[in-house]
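Working through the structure, step by step
The residues making up each chain are set out below.
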Amino acid sequence: MDLINRFLKYVSFETTSYEDAECFPSSPKVFELADYLVDELKGIGLGDAMRDEYGYVYAHLEATPGVEADPIGLMSHMDTSSAVSGANIKPRILKYEGGDIQLNPEVAIKVSDFPDLDHYLGHELIVTDGTTLLGADDKAGIAEIVTAVEYLIAHPEVKHGRICLCFNPEEETGRGTEHIDTEKFGPKYAYTLDGDRLGGLEYECFNGAGVKFKVNGINIHPGSAKNKMKNAVLIGTELVGMFPAWEAPAHTEGYEGFYHVMGFEGDESGALISMIVRDHDRAKFEERKAYVRRVVDYLNAKYGEGTVELTMSDTYYNMRELVEPHMEIVDKAMDALRSIGVEPVVKPIRGGTDGAGLTYMGIPTPNLCTGGQNFHGVLEFCSIDEMKKMVEVIVKLVTADKWL
Ligand SMILES: [Zn+2]
(Lines give C-alpha, C1' and ligand atoms only; values in the text may rest on other atoms or scores of the structure.)
Protein backbone atom coordinates (compact mmCIF):
# COMPACT_ATOMS: atom_id res chain seq x y z
CA MET A 1 0.00 0.00 0.00
CA ASP A 2 1.34 3.46 -0.77
CA LEU A 3 1.75 6.36 1.66
CA ILE A 4 -1.53 8.08 0.88
CA ASN A 5 -3.78 5.01 0.82
CA ARG A 6 -2.14 3.97 4.06
CA PHE A 7 -2.93 7.36 5.60
CA LEU A 8 -6.52 7.28 4.32
CA LYS A 9 -6.95 3.82 5.83
CA TYR A 10 -5.66 4.98 9.25
CA VAL A 11 -7.99 7.99 9.40
CA SER A 12 -10.96 5.70 8.76
CA PHE A 13 -10.47 4.43 12.34
CA GLU A 14 -12.10 6.55 15.03
CA THR A 15 -9.45 6.92 17.74
CA THR A 16 -10.59 9.90 19.81
CA SER A 17 -9.09 9.92 23.32
CA TYR A 18 -10.95 11.44 26.26
CA GLU A 19 -9.47 13.72 28.92
CA ASP A 20 -11.67 12.71 31.84
CA ALA A 21 -11.62 8.94 31.39
CA GLU A 22 -9.87 7.03 34.14
CA CYS A 23 -9.23 3.86 32.15
CA PHE A 24 -6.23 3.40 29.84
CA PRO A 25 -6.58 3.74 26.93
CA SER A 26 -9.41 6.21 27.41
CA SER A 27 -11.42 4.54 24.62
CA PRO A 28 -11.11 0.89 23.54
CA LYS A 29 -11.65 1.93 19.91
CA VAL A 30 -7.94 2.68 19.57
CA PHE A 31 -7.30 -1.09 19.86
CA GLU A 32 -8.88 -1.51 16.41
CA LEU A 33 -6.26 0.69 14.76
CA ALA A 34 -3.51 -0.84 16.93
CA ASP A 35 -4.46 -4.38 15.84
CA TYR A 36 -4.70 -3.28 12.21
CA LEU A 37 -1.18 -1.82 12.47
CA VAL A 38 0.19 -5.04 13.99
CA ASP A 39 -1.22 -7.02 11.03
CA GLU A 40 0.12 -4.50 8.56
CA LEU A 41 3.61 -4.43 10.14
CA LYS A 42 3.75 -8.23 10.14
CA GLY A 43 2.61 -8.16 6.52
CA ILE A 44 5.52 -5.96 5.43
CA GLY A 45 8.00 -8.15 7.28
CA LEU A 46 8.22 -7.01 10.90
CA GLY A 47 7.55 -10.41 12.46
CA ASP A 48 7.80 -9.26 16.08
CA ALA A 49 5.04 -6.61 15.80
CA MET A 50 2.76 -6.75 18.84
CA ARG A 51 0.12 -4.77 20.72
CA ASP A 52 0.03 -4.80 24.51
CA GLU A 53 -2.94 -4.52 26.89
CA TYR A 54 -2.59 -0.72 27.07
CA GLY A 55 -2.79 -0.32 23.30
CA TYR A 56 0.90 0.35 22.56
CA VAL A 57 2.18 -1.14 19.30
CA TYR A 58 5.85 -2.19 19.18
CA ALA A 59 7.86 -3.57 16.26
CA HIS A 60 11.49 -3.74 15.22
CA LEU A 61 13.48 -3.84 12.00
CA GLU A 62 16.83 -5.50 12.65
CA ALA A 63 20.05 -3.81 11.55
CA THR A 64 21.55 -4.53 8.15
CA PRO A 65 24.04 -7.39 8.74
CA GLY A 66 27.44 -5.93 9.60
CA VAL A 67 26.10 -2.53 10.65
CA GLU A 68 26.73 -1.55 14.25
CA ALA A 69 24.82 1.54 15.25
CA ASP A 70 22.79 2.71 18.21
CA PRO A 71 19.18 1.48 17.94
CA ILE A 72 16.99 4.40 16.86
CA GLY A 73 13.34 4.83 17.82
CA LEU A 74 10.47 6.27 15.76
CA MET A 75 7.19 7.08 17.46
CA SER A 76 3.81 8.56 16.54
CA HIS A 77 0.49 8.57 18.33
CA MET A 78 -2.67 6.82 17.18
CA ASP A 79 -5.22 8.85 19.15
CA THR A 80 -6.87 12.09 18.04
CA SER A 81 -8.04 15.14 19.99
CA SER A 82 -11.51 15.16 21.49
CA ALA A 83 -11.88 18.86 20.59
CA VAL A 84 -13.71 17.88 17.37
CA SER A 85 -15.29 14.63 16.19
CA GLY A 86 -12.91 12.08 14.71
CA ALA A 87 -15.66 9.72 13.49
CA ASN A 88 -16.66 9.11 9.86
CA ILE A 89 -13.93 11.31 8.44
CA LYS A 90 -14.48 12.05 4.76
CA PRO A 91 -11.11 13.13 3.40
CA ARG A 92 -10.82 14.85 0.04
CA ILE A 93 -7.68 15.24 -2.07
CA LEU A 94 -7.25 18.44 -4.07
CA LYS A 95 -4.54 20.34 -5.86
CA TYR A 96 -4.13 23.73 -4.22
CA GLU A 97 -4.07 26.53 -6.74
CA GLY A 98 -4.58 29.51 -4.42
CA GLY A 99 -7.52 31.21 -2.73
CA ASP A 100 -9.86 29.92 -0.04
CA ILE A 101 -10.46 26.18 0.26
CA GLN A 102 -14.21 25.55 0.54
CA LEU A 103 -14.78 22.45 2.68
CA ASN A 104 -18.58 22.61 2.54
CA PRO A 105 -21.04 25.46 1.78
CA GLU A 106 -20.51 26.93 5.26
CA VAL A 107 -16.91 26.11 6.15
CA ALA A 108 -13.72 27.21 4.38
CA ILE A 109 -10.00 27.47 5.07
CA LYS A 110 -9.65 31.18 4.34
CA VAL A 111 -6.56 33.02 3.17
CA SER A 112 -7.67 35.92 5.41
CA ASP A 113 -7.33 33.62 8.45
CA PHE A 114 -4.25 31.74 7.22
CA PRO A 115 -2.15 34.19 5.19
CA ASP A 116 0.64 31.62 4.81
CA LEU A 117 -1.63 29.32 2.79
CA ASP A 118 0.34 30.33 -0.33
CA HIS A 119 3.14 28.15 1.07
CA TYR A 120 1.07 25.24 -0.27
CA LEU A 121 0.61 26.57 -3.83
CA GLY A 122 0.85 23.63 -6.23
CA HIS A 123 0.73 21.03 -3.43
CA GLU A 124 -1.73 18.17 -3.31
CA LEU A 125 -3.61 18.56 -0.05
CA ILE A 126 -5.87 16.25 1.94
CA VAL A 127 -8.71 18.18 3.61
CA THR A 128 -11.86 17.30 5.58
CA ASP A 129 -15.51 17.90 4.68
CA GLY A 130 -15.58 20.58 7.38
CA THR A 131 -17.45 18.50 9.96
CA THR A 132 -14.61 16.49 11.59
CA LEU A 133 -10.91 16.75 12.17
CA LEU A 134 -8.65 14.94 9.70
CA GLY A 135 -6.39 12.97 12.03
CA ALA A 136 -3.15 13.98 10.29
CA ASP A 137 -2.23 14.61 13.94
CA ASP A 138 -0.79 12.08 14.14
CA LYS A 139 -1.71 9.41 11.59
CA ALA A 140 0.43 11.27 9.04
CA GLY A 141 3.40 10.40 11.27
CA ILE A 142 2.42 6.71 11.43
CA ALA A 143 1.90 6.50 7.66
CA GLU A 144 5.30 8.13 7.02
CA ILE A 145 7.14 5.81 9.44
CA VAL A 146 5.53 2.62 8.08
CA THR A 147 6.18 3.71 4.48
CA ALA A 148 9.84 4.49 5.24
CA VAL A 149 10.30 1.09 6.92
CA GLU A 150 8.62 -0.64 3.99
CA TYR A 151 11.07 1.13 1.67
CA LEU A 152 14.05 -0.04 3.74
CA ILE A 153 12.82 -3.64 3.65
CA ALA A 154 12.47 -3.43 -0.14
CA HIS A 155 15.94 -1.88 -0.48
CA PRO A 156 18.41 -4.03 1.50
CA GLU A 157 21.28 -2.10 -0.12
CA VAL A 158 20.29 0.93 2.01
CA LYS A 159 22.12 0.18 5.25
CA HIS A 160 20.68 1.00 8.64
CA GLY A 161 20.99 0.14 12.32
CA ARG A 162 18.23 -1.44 14.43
CA ILE A 163 14.98 0.52 14.09
CA CYS A 164 12.47 0.44 16.93
CA LEU A 165 8.87 1.49 16.30
CA CYS A 166 6.24 2.52 18.83
CA PHE A 167 2.73 3.72 18.07
CA ASN A 168 1.03 4.91 21.22
CA PRO A 169 -2.40 5.92 22.50
CA GLU A 170 -3.24 8.89 24.78
CA GLU A 171 -0.90 11.60 23.50
CA GLU A 172 -3.78 14.04 23.33
CA THR A 173 -4.64 13.46 26.99
CA GLY A 174 -1.02 14.01 28.06
CA ARG A 175 -0.69 10.35 29.09
CA GLY A 176 1.12 9.06 26.00
CA THR A 177 4.10 7.61 27.86
CA GLU A 178 2.25 6.55 31.01
CA HIS A 179 2.39 2.83 30.20
CA ILE A 180 5.18 2.76 27.64
CA ASP A 181 7.60 -0.14 28.07
CA THR A 182 10.99 1.36 27.25
CA GLU A 183 12.61 -2.08 27.13
CA LYS A 184 10.08 -3.44 24.67
CA PHE A 185 10.53 -0.26 22.61
CA GLY A 186 14.31 -0.55 22.95
CA PRO A 187 16.06 2.43 21.29
CA LYS A 188 19.01 4.44 22.61
CA TYR A 189 17.41 7.64 21.31
CA ALA A 190 14.24 8.37 19.34
CA TYR A 191 12.20 10.88 17.39
CA THR A 192 8.50 11.56 17.66
CA LEU A 193 6.92 12.45 14.32
CA ASP A 194 4.19 14.70 15.62
CA GLY A 195 4.56 18.17 14.21
CA ASP A 196 3.17 20.37 11.51
CA ARG A 197 4.72 22.11 8.54
CA LEU A 198 7.77 20.67 6.76
CA GLY A 199 11.03 21.71 8.44
CA GLY A 200 9.80 21.77 12.03
CA LEU A 201 12.22 20.30 14.57
CA GLU A 202 11.77 20.69 18.31
CA TYR A 203 13.70 19.67 21.37
CA GLU A 204 12.49 22.23 23.89
CA CYS A 205 9.09 22.20 25.54
CA PHE A 206 7.49 23.70 28.62
CA ASN A 207 7.91 22.57 32.19
CA GLY A 208 4.33 22.02 33.28
CA ALA A 209 2.41 21.80 36.56
CA GLY A 210 -1.28 21.28 37.29
CA VAL A 211 -2.82 23.27 40.15
CA LYS A 212 -6.14 22.91 41.97
CA PHE A 213 -7.38 25.41 44.57
CA LYS A 214 -10.25 24.43 46.85
CA VAL A 215 -11.76 27.47 48.54
CA ASN A 216 -13.74 26.66 51.71
CA GLY A 217 -16.28 29.37 52.47
CA ILE A 218 -18.87 29.88 55.20
CA ASN A 219 -22.40 30.61 54.03
CA ILE A 220 -24.81 32.53 56.27
CA HIS A 221 -28.17 34.08 55.38
CA PRO A 222 -27.17 37.32 53.63
CA GLY A 223 -29.46 39.29 55.95
CA SER A 224 -27.39 38.41 58.98
CA ALA A 225 -24.01 37.71 57.40
CA LYS A 226 -22.07 40.73 58.67
CA ASN A 227 -18.60 39.70 59.91
CA LYS A 228 -19.60 36.04 59.58
CA MET A 229 -19.89 35.05 55.94
CA LYS A 230 -16.77 33.93 54.07
CA ASN A 231 -17.91 33.98 50.45
CA ALA A 232 -15.84 31.41 48.53
CA VAL A 233 -16.72 33.01 45.18
CA LEU A 234 -15.30 36.36 46.27
CA ILE A 235 -12.19 34.80 47.80
CA GLY A 236 -11.70 32.75 44.62
CA THR A 237 -12.06 35.89 42.51
CA GLU A 238 -9.47 37.61 44.68
CA LEU A 239 -7.17 34.59 44.23
CA VAL A 240 -7.47 34.64 40.43
CA GLY A 241 -6.88 38.42 40.45
CA MET A 242 -3.52 37.93 42.15
CA PHE A 243 -2.02 36.31 39.04
CA PRO A 244 -0.61 38.87 36.58
CA ALA A 245 -3.11 39.35 33.73
CA TRP A 246 -0.26 39.82 31.24
CA GLU A 247 1.18 36.41 32.12
CA ALA A 248 -1.79 34.51 30.66
CA PRO A 249 -1.66 32.44 27.45
CA ALA A 250 -3.48 35.20 25.52
CA HIS A 251 -0.60 37.60 26.18
CA THR A 252 2.50 35.41 25.95
CA GLU A 253 4.57 33.78 23.20
CA GLY A 254 8.02 32.31 22.46
CA TYR A 255 9.83 31.61 25.71
CA GLU A 256 7.33 33.48 27.91
CA GLY A 257 5.74 31.30 30.59
CA PHE A 258 2.21 31.71 31.95
CA TYR A 259 -0.46 31.01 34.54
CA HIS A 260 -3.64 29.76 32.90
CA VAL A 261 -6.93 29.61 34.81
CA MET A 262 -8.88 26.77 33.20
CA GLY A 263 -11.90 26.39 35.41
CA PHE A 264 -13.78 28.16 38.20
CA GLU A 265 -16.95 26.79 39.69
CA GLY A 266 -18.64 27.21 43.03
CA ASP A 267 -20.95 29.16 45.29
CA GLU A 268 -20.64 31.00 48.63
CA SER A 269 -19.76 27.88 50.59
CA GLY A 270 -17.14 26.40 48.28
CA ALA A 271 -15.26 26.98 45.03
CA LEU A 272 -12.89 24.94 42.88
CA ILE A 273 -10.36 26.65 40.64
CA SER A 274 -8.08 24.79 38.25
CA MET A 275 -4.95 26.26 36.72
CA ILE A 276 -1.88 25.19 34.78
CA VAL A 277 1.57 26.74 35.20
CA ARG A 278 4.06 26.68 32.32
CA ASP A 279 7.60 27.90 31.75
CA HIS A 280 10.49 26.72 29.55
CA ASP A 281 13.04 27.80 32.14
CA ARG A 282 13.22 25.40 35.08
CA ALA A 283 14.25 28.08 37.63
CA LYS A 284 11.42 30.40 36.52
CA PHE A 285 9.03 27.43 36.62
CA GLU A 286 10.00 26.80 40.26
CA GLU A 287 9.53 30.54 41.00
CA ARG A 288 6.05 30.42 39.49
CA LYS A 289 5.10 27.48 41.72
CA ALA A 290 6.55 29.30 44.75
CA TYR A 291 4.35 32.28 43.84
CA VAL A 292 1.29 30.00 43.76
CA ARG A 293 2.13 28.86 47.31
CA ARG A 294 2.59 32.47 48.50
CA VAL A 295 -0.83 33.43 47.14
CA VAL A 296 -2.37 30.56 49.13
CA ASP A 297 -0.40 31.45 52.29
CA TYR A 298 -1.50 35.09 52.02
CA LEU A 299 -5.19 34.21 51.64
CA ASN A 300 -5.01 31.73 54.53
CA ALA A 301 -3.35 34.38 56.72
CA LYS A 302 -6.10 36.84 55.75
CA TYR A 303 -9.17 34.56 55.97
CA GLY A 304 -8.04 31.86 58.38
CA GLU A 305 -6.00 28.68 58.03
CA GLY A 306 -7.59 26.09 55.77
CA THR A 307 -9.61 28.62 53.74
CA VAL A 308 -7.68 27.70 50.58
CA GLU A 309 -6.40 24.17 50.04
CA LEU A 310 -3.77 23.68 47.37
CA THR A 311 -2.88 20.62 45.29
CA MET A 312 -0.07 21.12 42.81
CA SER A 313 1.91 18.52 40.89
CA ASP A 314 4.38 18.58 38.00
CA THR A 315 3.07 17.13 34.75
CA TYR A 316 6.19 17.22 32.54
CA TYR A 317 9.57 18.88 32.21
CA ASN A 318 11.41 20.60 29.41
CA MET A 319 13.43 17.94 27.60
CA ARG A 320 16.08 20.48 26.56
CA GLU A 321 18.41 19.93 29.52
CA LEU A 322 18.48 16.18 28.86
CA VAL A 323 18.71 16.46 25.06
CA GLU A 324 21.51 19.04 25.09
CA PRO A 325 24.19 16.55 26.20
CA HIS A 326 23.24 14.58 23.05
CA MET A 327 23.03 17.38 20.50
CA GLU A 328 24.27 14.96 17.85
CA ILE A 329 20.73 13.57 17.62
CA VAL A 330 19.37 17.06 16.87
CA ASP A 331 22.19 17.62 14.36
CA LYS A 332 21.36 14.29 12.73
CA ALA A 333 17.75 15.40 12.23
CA MET A 334 18.93 18.74 10.81
CA ASP A 335 21.24 16.91 8.41
CA ALA A 336 18.40 14.63 7.32
CA LEU A 337 16.14 17.62 6.58
CA ARG A 338 18.90 19.54 4.77
CA SER A 339 19.88 16.48 2.72
CA ILE A 340 16.57 16.77 0.87
CA GLY A 341 16.78 20.56 0.63
CA VAL A 342 14.63 21.54 3.60
CA GLU A 343 15.93 24.17 6.02
CA PRO A 344 15.14 23.12 9.63
CA VAL A 345 12.97 25.48 11.67
CA VAL A 346 13.80 25.00 15.36
CA LYS A 347 11.26 26.47 17.76
CA PRO A 348 10.42 25.92 21.44
CA ILE A 349 7.16 23.99 21.82
CA ARG A 350 4.58 25.84 23.90
CA GLY A 351 3.26 22.58 25.28
CA GLY A 352 4.57 19.14 26.09
CA THR A 353 5.26 16.08 23.93
CA ASP A 354 5.45 12.33 24.35
CA GLY A 355 9.13 12.84 23.57
CA ALA A 356 9.54 14.91 26.73
CA GLY A 357 8.13 12.04 28.80
CA LEU A 358 10.38 9.57 27.01
CA THR A 359 13.42 11.81 27.42
CA TYR A 360 12.89 11.77 31.19
CA MET A 361 12.66 7.97 31.02
CA GLY A 362 16.18 7.86 29.57
CA ILE A 363 15.51 7.98 25.80
CA PRO A 364 16.29 11.48 24.45
CA THR A 365 13.51 12.18 21.91
CA PRO A 366 13.25 15.37 19.82
CA ASN A 367 10.16 15.96 17.67
CA LEU A 368 9.88 16.23 13.90
CA CYS A 369 7.25 17.65 11.54
CA THR A 370 4.80 15.52 9.54
CA GLY A 371 3.39 17.98 7.00
CA GLY A 372 -0.03 18.64 8.57
CA GLN A 373 -1.63 21.90 9.68
CA ASN A 374 -4.49 23.31 11.80
CA PHE A 375 -4.60 20.38 14.19
CA HIS A 376 -7.52 19.72 16.56
CA GLY A 377 -10.14 21.32 14.32
CA VAL A 378 -12.24 20.89 11.17
CA LEU A 379 -9.76 22.99 9.18
CA GLU A 380 -7.00 20.40 9.66
CA PHE A 381 -5.27 19.37 6.44
CA CYS A 382 -2.03 17.83 5.29
CA SER A 383 0.21 18.22 2.28
CA ILE A 384 0.90 15.05 0.32
CA ASP A 385 4.06 16.69 -1.06
CA GLU A 386 5.39 17.30 2.46
CA MET A 387 4.39 13.84 3.70
CA LYS A 388 6.37 12.27 0.85
CA LYS A 389 9.37 14.41 1.76
CA MET A 390 9.12 13.26 5.39
CA VAL A 391 9.36 9.63 4.25
CA GLU A 392 12.67 10.57 2.61
CA VAL A 393 13.76 12.39 5.79
CA ILE A 394 13.05 9.29 7.89
CA VAL A 395 15.06 7.11 5.51
CA LYS A 396 18.00 9.57 5.74
CA LEU A 397 17.64 9.70 9.51
CA VAL A 398 17.91 5.97 10.07
CA THR A 399 20.46 5.04 7.41
CA ALA A 400 23.86 4.32 8.88
CA ASP A 401 26.51 6.83 8.04
CA LYS A 402 28.35 8.54 10.83
CA TRP A 403 26.75 6.20 13.35
CA LEU A 404 28.81 3.29 12.15
ZN1 LIG B 1 -0.04 15.10 17.94
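Residues numbered from 1 in each chain as written. Predicted model: local features only at pLDDT ≥ 70, side-chain atom pairs only at ≥ 80, totals over all residues. Heavy atoms only, no water.

Examining the domain arrangement of the protein
Each assigned domain of the protein is listed with its residue range as follows: domain 1 (3–204 + 318–398) and domain 2 (212–316). If you average the C-alpha positions of domain 1 and of domain 2, the two centres end up 37 Å apart. On the side of domain 2, nine residues touch domain 1, which itself brings ten residues to the contact. Applying the counting rule to domain 1 against domain 2 returns zero salt bridges. At the surface where domain 1 touches domain 2, the tally comes to eight residue pairs in polar contact (both at pLDDT 80 or more). Residues belonging to the side of domain 1 that touches domain 2 are distributed by class as follows: three nonpolar, three polar and four charged. (Domains from an automatic or database assignment. Contact = heavy atoms within 4.5 Å. Salt bridge = Lys/Arg side-chain N within 4 Å of Asp/Glu carboxyl O. Polar contact = N/O pair within 3.5 Å; in protein donor to acceptor, adjacent residues only side chain to side chain. Nonpolar A, V, L, I, M, F, W, Y, C, P; charged D, E, K, R; others polar.)

As for helix 8 (residues 327–339)
If you check helix 8, its first and last C-alpha atoms are 18 Å apart, about what 13 residues at 1.5 Å a residue would give, namely 18 Å. For helix 8, the set of buried residues is Ile329, Val330, Lys332, Ala333, Met334, Ala336 and Leu337. Positive phi appears at glycine 341, one or two residues downstream of helix 8, with a value of about 85 degrees. (Helix = DSSP H or I, 4+ residues; strand = E, 2+ residues; numbered from the N terminus. Expected span 1.5 Å × (residues − 1). Buried < 20%, exposed > 50% of the residue type's maximum accessible area, 1.4 Å probe, protein only.)

Section: the coordination of the zinc ion
Protein-derived ligands of the zinc ion are His77 (NE2), Asp137 (OD), Asp194 (OD) and Asp194 (OD), with the metal-ligand distances lying across 1.9 to 2.7 Å. Bound by four donor atoms, the zinc ion shows angles of 52 to 147 degrees at the metal and therefore irregular coordination geometry. Read in sequence order, the donor residues for the zinc ion give the motif H-x59-D-x56-D. Here the residue histidine 77 occupies a position in strand 3 (residues 72–77), and aspartate 194 occupies one in strand 9 (residues 189–195), the gap between them amounting to 117 residues. For the pair histidine 77 and aspartate 194, a shared accessibility class is recorded, and that class is buried. (Donors = N, O, S within 2.8 Å, 3.2 Å for Na, K, Ca; no water. Tetrahedral: all angles 85-135°; square planar, octahedral: opposite > 155°, others 65-115°.)

Considerations on the side chain of threonine 128
You can see threonine 128 is positioned in the loop between strand 7 (124–127) and helix 3 (136–154). For threonine 128, a relative accessible area of 0% puts it in the buried group. Within the structure, the side chain of threonine 128 is placed 2.9 Å from the backbone nitrogen of glycine 130, a separation counted as a polar contact. Of note is the side chain of threonine 128, whose polar atom sits 2.7 Å from the backbone oxygen of valine 378. Not counting residues up to four positions away in its chain, the partners in contact with threonine 128 are Lys90, Leu103, Leu133, Leu134, Val378 and Glu380.

Quick look at the state of the cysteines
As enumerated under the stated definition, the model contains zero disulfides in all. Cysteine 166 takes part in no disulfide bond, and the closest cysteine sulfur, belonging to cysteine 164, lies 10 Å away. (Disulfide = S-S within 2.5 Å.)

Considering the sheet that holds strand 18 (residues 381–383)
The four strands are arranged 4-7-18-17 in an open sheet whose pairing can be described as antiparallel. Edge positions in the open sheet fall to strand 4 (92–95) and strand 17 (372–373), since each of these has one partner strand only. Two elements, strand 7 and strand 18, share two bridges in a ladder whose sense is antiparallel. Opposite isoleucine 126, over in strand 18, you have cysteine 382 as the bridge partner. (Pairing = 2+ DSSP bridges.)

A short note on the sheet that holds strand 15 (residues 345–346)
One open sheet accounts for eight strands, arranged 1-2-8-3-9-16-10-15; its pairing is mixed. Pairing within the sheet leaves two strands with one partner each, and these edge strands are strand 1 (50–51) and strand 15. In this structure, strand 10 (residues 200–202) lies alongside strand 15, joined through two bridges in parallel fashion. Bridge assignment links glycine 200 to a residue of strand 15, and that residue is valine 345.

Thoughts on the packing of aromatic side chains
Following the criterion strictly, the structure yields 13 aromatic pairs and no others. Between tyrosine 120 and phenylalanine 381, the aromatic rings sit 5.0 Å apart at their centres with planes inclined by 85 degrees, giving edge-to-face as the arrangement. Of this pair, tyrosine 120 sits in the loop between strand 6 (108–109) and strand 7 while phenylalanine 381 sits in strand 18; the two residues are 261 residues apart in sequence, bridging distant segments of the chain. We note that tyrosine 120, like phenylalanine 381, is buried. One aromatic cluster is present, built from ring pairs that chain together Phe24, Tyr54, Tyr56 and Tyr58. One residue, arginine 288, lies across the ring of tyrosine 259, its end atom 4.9 Å from the ring centre. (Phe/Tyr/Trp six-rings, centres within 6.5 Å; stacked < 30°, edge-to-face > 60°. Lys NZ or Arg CZ within 6 Å of the ring centre and 35° of its normal.)

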